[in-house]
Amino acid sequence: MLLNAFPLQIVADGSVLAVRAASHDEARAALAAGSAVGHADTAAVLAALLGVPVPVARVTLPTTTVGDVVVAQYSGPRLPEGATTLPAGARLEFRRVTWRPAAPGDDVP
């Protein structure tokens, strides 16, 4: 699934998170599981960047004990209404976030 924000409430208590850079190909592949991009302008910018449609979907994601998503992390000034490209000084980074229950030996407080 492709998200434009990562809500911690979807991660079950006691989970171990791993975050790493993701490629454009991984972001496109994540769309096969759906979109949780809740803002039309962000979806339009992502669609232009990835070269594929990115549906706008304001969804509530369920809490899960195991997960794997790609987050399109935006940094920069507020997107102007109707944007289809990144404004000057803005960037989008794709991050793969995976989580699982803590296992024996994990250093989890």
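Attention here is on the structure that accompanies the text. (Residues numbered from 1 in each chain as written. Predicted model: local features only at pLDDT ≥ 70, side-chain atom pairs only at ≥ 80, totals over all residues. Heavy atoms only, no water.)

A word on the pattern of salt bridges
(1) Moving on: Following the criterion strictly, the structure yields five salt bridges and no others.
(2) Moving on: With a shortest N-O distance of 2.4 Å, Arg28 and Asp25 are connected by a salt bridge. Pair noted here: Arg28 and Asp25 are both in helix H1 (residues 24–30), with a separation of three residues, about one helical turn.
(3) Moving on: Judged by its relative accessible area of 28%, Arg28 falls in the partly exposed class.
(4) Moving on: Note that Asp68 is salt-bridged to Arg96, the shortest N-O span being 2.7 Å. Residue Asp68 is found in strand E4 (residues 67–75), and its partner Arg96 is found in strand E5 (residues 91–101); the two are separated by 28 residues along the sequence.
(5) Moving on: Judged by relative accessible area, Asp68 falls into the partly exposed class, the value being 42%.
(6) Moving on: On the basis of relative accessible area, Arg96 is assigned to the buried category, the value being 16%.
(7) Moving on: Through salt bridges with shared partners, a single ionic network connects Arg20, Glu26, Asp68 and Arg96. (Salt bridge = Lys/Arg side-chain N within 4 Å of Asp/Glu carboxyl O. Helix = DSSP H or I, 4+ residues; strand = E, 2+ residues; numbered from the N terminus. Buried < 20%, exposed > 50% of the residue type's maximum accessible area, 1.4 Å probe, protein only.)

Section: the sheet that holds strand E2 (residues 15–21)
(1) Moving on: The strand order across the open sheet built from five strands is E2-E5-E4-E1-E3, with neighbouring strands paired in mixed fashion. In this open sheet, the two edge strands, each paired with only one partner strand, are E2 and strand E3 (35–36).
(2) Moving on: Contacts from helix H2 (residues 40–50) reach strand E1 (2–3), E4 and E5 within the one sheet, and its direction differs from that of E5 by about 100°. (Pairing = 2+ DSSP bridges. Contact = heavy atoms within 4.5 Å. Axes fitted to C-alpha atoms, helices over the stretch in contact; angles between N-to-C directions.)

Points about the nonpolar core
Here is a general trend for soluble globular proteins: nonpolar side chains tend to be buried in one another's company.
(1) Moving on: Counting 17 residues, the largest nonpolar core has Leu2, Leu46, Val54, Val70 and Phe94 as its most contacted members.
(2) Moving on: Of all the elements in the fold, those that place two or more residues in this core are H1, H2, E4 and E5.
(3) Moving on: Broken down by element, the residue count for this core peaks at four residues, all from H2.
(4) Moving on: In this structure, Val70 is in contact with Met1, Leu2, Leu3, Ala22, Glu26, Ala27, Ala30, Phe94, Arg95 and Arg96, ignoring residues within four places of it in sequence.
(5) Moving on: With nine residues, the next largest nonpolar core counts Ile10, Val69, Val97 and Trp99 among its residues. (Core = buried A, V, L, I, M, F, W, Y, C linked by side-chain atoms within 4.5 Å.)

Looking at the side chain of Asn4
(1) Moving on: With respect to the helices and strands, Asn4 occurs in the loop between E1 and E2.
(2) Moving on: Among the polar contacts listed, one links the side chain of Asn4 to the backbone nitrogen of Gly38, at a separation of 3.3 Å.
(3) Moving on: Residues in contact with Asn4, not counting those within four places in the same chain, are Ala36, Val37, Gly38, His39, Thr42, Val71 and Ala72. (Polar contact = N/O pair within 3.5 Å; in protein donor to acceptor, adjacent residues only side chain to side chain.)

A few points about the packing of aromatic side chains
(1) Moving on: Going through the model one piece at a time under the given rule, you end up with one aromatic pair.
(2) Moving on: Aromatic side chains Phe6 and Trp99 sit 5.6 Å apart centroid to centroid with 70° between the ring planes, which places their arrangement in the edge-to-face category. Here Phe6, found in the loop between E1 and E2, pairs with Trp99, found in strand E5; they are 93 residues apart in sequence, far enough to count as distant.
(3) Moving on: Taking the relative accessible area as the measure of exposure, Phe6 reaches 23% and is therefore partly exposed. (Phe/Tyr/Trp six-rings, centres within 6.5 Å; stacked < 30°, edge-to-face > 60°.)

Observations regarding H2
What sets the pattern is the α-helix's 3.6 residues per turn: residues three or four places apart point alike.
(1) Moving on: Every buried residue of H2 is accounted for by Thr42, Ala43, Val45, Leu46 and Leu50. Along the axis of H2, the buried positions cluster into a sector of 165°, meaning they face one direction only.
(2) Moving on: Those residues of H2 hidden inside the fold are in contact with E1, H1, E4 and E5. (Arc of directions from axis to C-beta.)

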